[in-house]
Amino acid sequence: QMCIRDSKRFSILNFYERRARRILPALFFVMLLCIPFAWMWMLPDALENFGQSLVSTSLFSNNILLMLTSADYWELKAVYKPLLHTWSLAVEEQYYILFPVFIMLTWRLGIKWVLILLSIVFFCSLGVAHWGAFNKPEANFYWLPTRGWELLIGVFAAFYIKYYTHLESHF
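Okay, so let's go over this structure. (Residues numbered from 1 in each chain as written. Predicted model: local features only at pLDDT ≥ 70, side-chain atom pairs only at ≥ 80, totals over all residues. Heavy atoms only, no water.)

**Digging into the overall build of the protein chain**
Assigned secondary structure in the protein chain consists of seven helices and zero strands. Overall, the protein chain shows an N-to-C arrangement of helices and strands of α-α-α-α-α-α-α. Along the longest, intermediate and shortest principal axes, the C-alpha atoms of the protein chain span 65 × 40 × 20 Å. Burial statistics for the protein chain: of 171 residues in total, 33% are counted as buried. Excluding contacts between residues fewer than 6 apart, the proportion of contacts in the protein chain whose partners are at least 24 apart in sequence is 62%. Carbon and sulfur atoms make up 69% of the accessible area of the protein chain, which amounts to about 11,400 Å² in all. In the protein chain, 14 side chains carry a positive charge and 11 a negative one; their mean positions are 12 Å apart. (Helix = DSSP H or I, 4+ residues; strand = E, 2+ residues; numbered from the N terminus. Buried < 20%, exposed > 50% of the residue type's maximum accessible area, 1.4 Å probe, protein only. Contact = heavy atoms within 4.5 Å. Areas by Shrake-Rupley, 256 points an atom, 1.4 Å probe, with all protein chains shown as cover. Lys, Arg positive; Asp, Glu negative; His and termini not counted. Charge placed at Lys NZ, Arg CZ, Asp CG, Glu CD.)

Here it is in C-alpha cells:
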C-alpha cells in the first residue's frame, strides 16, 4: 500500500521514510557484521572490492557495480563477495525511486493513459531483457531496465485488484 492517507493523497516523503525505516536497519546491520570478517580474511584486492561494494550498497547501486565488475552471479569468485545478494535490493530501490515519480507525473492523465504508458515500458523492458539474454547475459541479470517488466507485473496486478470495477467501466 503506497502511503495513501484518508484524504487519498500520496506522500512521497512518507513513502520513502517508511521504506527506509523498514530496510536500512537490517541492511546496515548486515554490512557492519561483514566488515570484521572481511578485514580478517580478505586479501587486499578482495578487501578493496568489498569496500567498493559497501559504498555502492549504501547508495543502492551494488547491481551496477556488479554488472560492471562481475562476469557471472554464479561464478566461483562470487563467494568472495559477501554483499553480492544486495544487487536485488538495489534494483528494488531504484524502482521505488523511479516508479512513484512516474506515477506522480502521469496520474493526471488518467488511469487509462497510466496503464498504456506502463504497458509500453513493460514491453520495452521485456524486449531489452530478451535481447540482453543473448547478447549481454551478465549485465542482463543485474540491470533495472531488464528487470523492470518483472516488477511491472506486480504493478498491473495491484492496479487490477484496486481498480477492477473502474477499469471495467472505462474500457
